[in-house]
Amino acid sequence: MSEKPETKTVASEPESRPSRRGLFSSVGAGAVAAAIVNPGKIFAATTPAIPSIRIAKDITDSLAEATKLGSFDAKGGMTGAEVFAKSCKDEDLAALFCCPGNYQIINAISAAGIPAFGGRSEGSMTSAADGFSRCTGEVTACSGTEGPGFTNMIMNIAVAHRARTPLLVLASNVTIATDDREYFIQTGYQQPTTEGLKKYGKRLIAPDRIHEYTAYAFRHLKTGVPGPVHLDFPGEIYNHRFMAESEVKEYYSKEKYRTESRPHPAPKDLAQAVDMINRAERPVIVAGHGVFFRKAWEPLMVAAEKNDVAVVTSGPMRGHFPDEHRLSASLSPDAFMSADLVVFVGQYSMPSKTERWRFHPDAKAIRVNPTGEDLGRNWPLDLGIVADEGAFLEGLASDLPRKKRDAWVGELAAARQKYEKQLLDEYEQGVKHSQATNTVHHAVVCKEVHDFLYKGSIDPKQTVTGWGGWTIGNCGARWLRAYRPGQEVNCPYQYSAVGPDLAMMIGAGAAVQLGVGPQAPYKGAPVLVITSDAGIAYSMFELDTAAKYKIPIICVVYNNNAWGMWPSAVGTPRSMHMYLFQENLRYDKMAEGLGARGEYVHTQDDFRKALKTSYEVASKEHVSTLINVQALKDFTSQKDYPPGNIINPEPGVGALAH
Amino acid sequence: MRIFLAICSVVSAALADAPAKLTRDDAQKLRNPVAYTRKSIDRGRVMFLQNCTSCHGEDGKAEGSLIADATDLTSPKLYKSGSSEGEIFHSIRDGAGDQMPAFKSQIDHETDIWNLVNFIRSLWPESMRPAIVVEDK
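Residues numbered from 1 in each chain as written. Chains lettered and ligands numbered in written order. Predicted model: local features only at pLDDT ≥ 70, side-chain atom pairs only at ≥ 80, totals over all residues.

Q: I keep staring at the overall build of chain B and nothing clicks. Help me out?
A: Summing up its helical and strand segments, chain B has 6 helices and 0 strands in all. Counting helices and strands in the order they occur from the N terminus, chain B gives α-α-α-α-α-α. Looking at the 137 residues of chain B, the share that counts as buried comes to 38%. (Helix = DSSP H or I, 4+ residues; strand = E, 2+ residues; numbered from the N terminus. Buried ≥ 20, exposed ≤ 12 C-beta atoms within 10 Å, placed from the backbone.)

If you want it as structure tokens, here you go:
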């Protein structure tokens, strides 16, 4: 924050943007750091004659339009797109994130009243939908045009696949009539492209079966272990006109094409699980994402408290068991080795004993999964149970006897104390490194965020956070906390894609803005993401999307001038240039150019002030801020700046994969 | 398992920790206070699986190269930071080069780092491995 933002767009506010004049006058001015490259003429908005960034009236008018569901009684009947959109509405599809293309489908979905968001790249919009789902548990959709728009989504579909996100992937795909003819542009075989990245997929080829395949899609999205479902629509499907309901095959309501019935644990299995838990001295439940998707956090709490069972959360979201609870093991990694029984519930991506899990290989294991085919995979089981996570946990809550395990609880507390001391030791080292270099070390960034969100005046449960990046991500994940369901999004979970973090958290921000599911009590609150300079390049333009929809996000960019993997070039010096960026790039200025605020900081004090200001503006004016935190690449290495980068094995805080 | 953990704790308490700060020369002089026994190797394997496989792979050959240009632990001649037992200990505890982080905050007792040293040496070619010490029963 050593430089006063000077973009005139700030001072000459249009009618449709919140005022930031007062804000910047409070920010204050300072000297420009000598080493900072002057972006100069790139940001020509300093010229008063150039119009300000603003939200077009067409946008606000469009958002205020009344919803309109298609009807067979309408003059032209219903198009295939309208039939599909109506089914999505009936299924409570939570939101759509898209880029233009697949026009009839996205237009019909938006017209139907499903919250719809248009962004800057299909991949980022896919991750925004993913992020929305990760903090709500709801089915969301993403869409892109055929060909390049669709292939732009691939990395992000893969991210959702590894996280088992119930993501409805939609794309147009030319016409059936031109299949295999290399006709014109954007032709491509979509379903083979998503092979291995989806739970179910279908190219629709018969117009009158559109509802039948919508039913297929939602059966897969809402039953069993979730995962992406990919539908591609040729023109003959979405443009087909139906003049009567009878023209659509199998046009049943959702109650007739899928069931809400869930598998309950067999009584003997539940009895055996209760017996094993009760006999164990140090039992721990690994509450995976299935617990969140099934919204089973209440029976989880009852079961844990009744029998003093430790709980550690695992998966692409955290918070379905609160970190501060005396039975939470999420911050007690050293206690895992003495656990003698591990109960995996809804752990969809199973580790193995030969991977980076902290439990002792001799510990007994129970696994609960809504389907049977995965039980016994990777981790040998003493008991496998096919059951809905909620039904199982309700059974435990009912049947477990009351029991106190003071020794185990004490061990958890001691391990937590040790872990928190480790964090503070790392922070102290980081403070020294920061002061010695006039930059901000990653441990300092993360501790400041932690203290601001959880130790200050903000309700610690309020802010949904997410994280990505390598050095900063590994560190941020150790400091972020989750005190209620859906409070933390583990953006890189089990795929470690660089870059979807900001987009994912804009999706999460949309969920908070709408107050969906567990976000309802915090409707409208800002969200925060910690990411890297490498990662921000992939989704930074979505700050425009955040601004357009007034989704307030604070984006902390750890700017260390390098890919996190730069140490891989140390042994081959001629390669190093491939791992580095220009130094002192100004992501804050780029953010200003996209209609967000920008803050530049290179000291701990300035970072603290920037966080406070950014949060206030986000809360009161729904304006996003990118805080560019200048760091050094060398902080990743323990050689000169111990402790360097620390990788966190699963499960618990900080873990991104097994 | 509880008994095993208890034994580990006792052994840990009985062994003095290595100096907090080590140079490479200091490390070369360190000797492993934990005997190269089957039990120590097994315990070291548990530590290895929990902390090391993402870079060095399950078999120590570092063939995956997912997140680092890691050293093939089965070829001690390739070790960049030394292959004496003290140097291996030093690399694990305090980190090595620019990529390998220090594990002193993640592995509870130095005894377990020494167990890990023993496991890593068990990955070496047979002709280079120490002889297994048979424990009294």
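Q: I tried to follow the overall build of chain A on my own but got confused; where do I start?
A: Summing up its helical and strand segments, chain A has 24 helices and 20 strands in all. The C-alpha radius of gyration of chain A comes to 25 Å, within 12% of the 26 Å expected for a compact globule of 658 residues. Seen through its C-alpha atoms, chain A measures out along the principal axes to roughly 75 × 70 × 50 Å. By residue count, 56% of the 658 residues in chain A fall in the buried class. Restricting the contact set of chain A to residue pairs at least 6 apart, pairs at least 24 apart contribute 76%. (Rg over C-alpha atoms; globule rule 2.2 N^0.38 Å. Contact = placed C-beta atoms within 7 Å.)

Q: I keep staring at the nonpolar core and nothing clicks. Help me out?
A: Soluble, globular proteins show a tendency: their nonpolar side chains are buried together. Judged by nonpolar contacts, the single largest core of 185 residues is most densely connected at V311 and V556 of chain A. Looking at which element gives the most residues to this core, the answer is helix 20 (residues 501-514) of chain A, with 9 residues. In this view, V311 of chain A contacts V284, I285, A287, L300, A304, F321, L327, S328 and A329 of chain A; residues no more than four positions away in its chain are not counted. In terms of nonpolar packing, the next biggest core, distinct from the first, is built from 22 residues, C55, F103, V117 and I120 of chain B among them. (Core = buried A, V, L, I, M, F, W, Y, C linked by C-beta atoms within 7 Å.)

Q: In this structure, what is going on with the environment of Y200 of chain A? I would like to understand it.
A: All names here are of chain A. Following the sequence through the fold, Y200 ends up in strand 6 (residues 200-203). The class of Y200 is partly exposed, set by 15 C-beta atoms lying within 10 Å. Taking the C-alpha atoms as reference points, Y200 and H220, separated by 20 residues in sequence, lie 7.0 Å from one another. Apart from residues no more than four positions distant in its own chain, Y200 is found in contact with Y216, A217, H220 and V229.

Q: I tried to follow the packing of helix 17 (residues 406-437) of chain A against helix 18 (residues 442-454) of chain A on my own but got confused; where do I start?
A: Helix-helix packing is characterised by the crossing angle of the two axes and by the distance between the axes. Residue and element names in this part refer to chain A. As a packed pair, helix 17 and helix 18 sit with axes 7 Å apart at the nearest point and diverge in direction by 120°. Comparing their axes, helix 18 and helix 17 come out oblique. The chirality of how helix 17 crosses helix 18 is left-handed. Residues E426, Y427, Q429, G430, V431 and S434 of helix 17 lie in contact with helix 18, whose contacting residues are H442, A443, V444 and K447. Residues of the contact of helix 17 with helix 18, tallied by class, amount to 4 nonpolar, 4 polar and 2 charged. (Axes fitted to C-alpha atoms, helices over the stretch in contact; angles between N-to-C directions. Parallel < 35°, antiparallel > 145°, perpendicular 65-115°, else oblique. Left-handed = near helix turned anticlockwise from the far one by under 90°. Nonpolar A, V, L, I, M, F, W, Y, C, P; charged D, E, K, R; others polar.)

Q: Just checking my understanding: could you explain the interface of chain A and chain B for this structure?
A: Many structure descriptions define interface size as the accessible area lost when the parts assemble. Between chain A and chain B, the contact holds 27 residues from the first and 19 residues from the second. The class makeup of the residues in the side of chain A that touches chain B is 9 nonpolar, 10 polar and 8 charged.

Q: Just checking my understanding: could you explain the sheet that holds strand 6 of chain A for this structure?
A: Across a sheet, strands are paired by hydrogen bonds formed along the backbone, either parallel or antiparallel in direction. Residue and element names in this part refer to chain A. The strand order 3-2-4-5-7-6 describes an open sheet built from 6 strands, whose pairing is parallel. The open sheet has two edge strands, strand 3 (116-118) and strand 6, and neither has a second partner. On average, adjacent strands in this sheet sit at an angle of 15° to one another, irrespective of strand direction. Relative to strand 4 (residues 140-144), strand 2 (residues 96-98) runs parallel, the two being bridged by 3 bridges. Bridge pairing links F97 to C142 in strand 4. (Pairing = 2+ DSSP bridges.)

Q: Could you clarify how one ought to interpret the confidence of the model for chain A in this entry?
A: Interpretation of this model should avoid reading the predicted coordinates in detail wherever pLDDT is low. Model confidence for chain A is summarised by a mean pLDDT of 92, while 92% of its residues fall at 70 or above. Across residues 1-42 of chain A the pLDDT falls below 50, and counting only partners more than four positions away or on other chains, this stretch makes 68 contacts in the model. (pLDDT = per-residue confidence, 0-100.)

Q: Would you mind going over the sheet that holds strand 15 (residues 464-467) of chain A with me for this structure?
A: All names here are of chain A. Within the open sheet, the 7 strands sit side by side as 11-16-15-17-18-20-19. Their pairing is mixed. Edge positions in the sheet fall to strand 11 (317-318) and strand 19 (597-601), since each has one partner strand and no second. Sheet topology places strand 15 next to strand 16 (residues 488-490); 3 bridges connect them, and they run parallel. Directly across from G466, in strand 16, lies its bridge partner V489. Contacts from helix 18 reach strand 17 (527-532), strand 18 (553-559) and strand 20 (625-630), with the element oriented near 165° to strand 18. Against the sheet, helix 20 touches strand 15, strand 16, strand 17 and strand 18, its axis set at about 175° to strand 17.

Q: I tried to follow the packing of helix 18 of chain A against helix 24 (residues 604-621) of chain A on my own but got confused; where do I start?
A: Residue and element names in this part refer to chain A. The contact between helix 18 and helix 24 brings their axes to 10 Å, and the two run at 35°. Once helix 18 is placed against helix 24, the crossing between them reads as right-handed. Together, V444, V445, E448, V449 and F452 of helix 18 and Q604, F607, R608 and L611 of helix 24 make up the contact between the two elements. Split by residue class, the contact of helix 18 with helix 24 holds 6 nonpolar, 1 polar and 2 charged.

Q: Which parts of the structure should I look at to understand the pairing of strand 4 of chain A?
A: On any regular strand, side chains alternate: one points to one face of the sheet, the next to the other face. Residue and element names in this part refer to chain A. Counted residue by residue, strand 4 has 5 buried out of 5 residues, so it is predominantly covered. Burial along strand 4 is two-sided: T140, C142 and G144 and A141 and S143, pointing in opposite directions, are all buried. Direction of pairing for strand 4 relative to strand 5 (residues 167-172): parallel, over a ladder of 5 bridges. The residue of strand 5 that forms the bridge with C142 is V169.

Q: Hey, could you run me through the environment of D459 of chain A in this one?
A: Here D459 of chain A shows up in the loop between helix 18 and strand 15. Sequence spacing of D459 of chain A and Y200 of chain A is 259 residues, and the spatial spacing of their C-alpha atoms is 40 Å.

Q: In this structure, what is going on with the domain arrangement of chain A? I would like to understand it.
A: All names here are of chain A. The domain architecture assigned to chain A consists of domain 1 (21-45 + 439-636), domain 2 (59-257) and domain 3 (267-412). Contacts between the two partners involve 12 residues from domain 1 and, on the opposite side, 12 residues from domain 3. Of the residues belonging to the side of domain 1 that touches domain 3, the class tally is 5 nonpolar, 4 polar and 3 charged. (Domains from an automatic or database assignment.)

Q: Sorry, what's going on with the confidence of the model for chain B here?
A: Residue and element names in this part refer to chain B. Mean pLDDT over chain B works out to 85, with 86% of the residues at or above the 70 mark. Segment residues 1-14 is flagged for pLDDT under 50; beyond a separation of four residues in sequence, or across chains, it makes 8 contacts in the model. Two numbers describe this predicted complex: its pTM, 0.90, and its ipTM, 0.77.

Q: It is not clear to me how helix 8 (residues 154-162) of chain A should be interpreted in this structure. Could you clarify?
A: Every α-helix winds through 3.6 residues per turn, so residues three or four apart in the chain are directed the same way. Three or more residues of helix 8 of chain A are buried, namely N156, I157, V159, A160 and H161 of chain A. Check the buried side of helix 8 of chain A and you find it contacts helix 6 (122-134) and strand 5 of chain A.

Q: Can you help me understand the pairing of strand 18 of chain A in this one?
A: Residue and element names in this part refer to chain A. Taking burial as the measure, the 7 residues of strand 18 include 7 buried ones, the bulk of the element. Neither face of strand 18 is exposed, since I553, C555, V557 and N559 on one face and I554, V556 and Y558 on the opposite face are all buried. In the sheet, strand 17 pairs with strand 18 via 6 bridges, with the strands oriented parallel. Of the residues in strand 18, the one forming a bridge with V529 is C555.

Q: Help me out: how do you make sense of unusual backbone geometry in this one?
A: When glycine is set aside, most residues are seen to have a negative phi, and most peptide bonds are trans. All names here are of chain A. P643 follows P642 through a cis peptide bond whose omega is 5°. Inspection of the secondary structure assignment puts P643 in the segment after strand 20. For the peptide bond that leads from E650 to P651, omega is -10°, which places it in the cis range. Structurally, P651 is set in the segment after strand 20. Of note in this structure, N438 is not a glycine but carries a positive phi near 60°. Topologically, N438 is positioned in the loop between helix 17 and helix 18. Looking at N438, the number of C-beta atoms within 10 Å reads 12, which means it is exposed.

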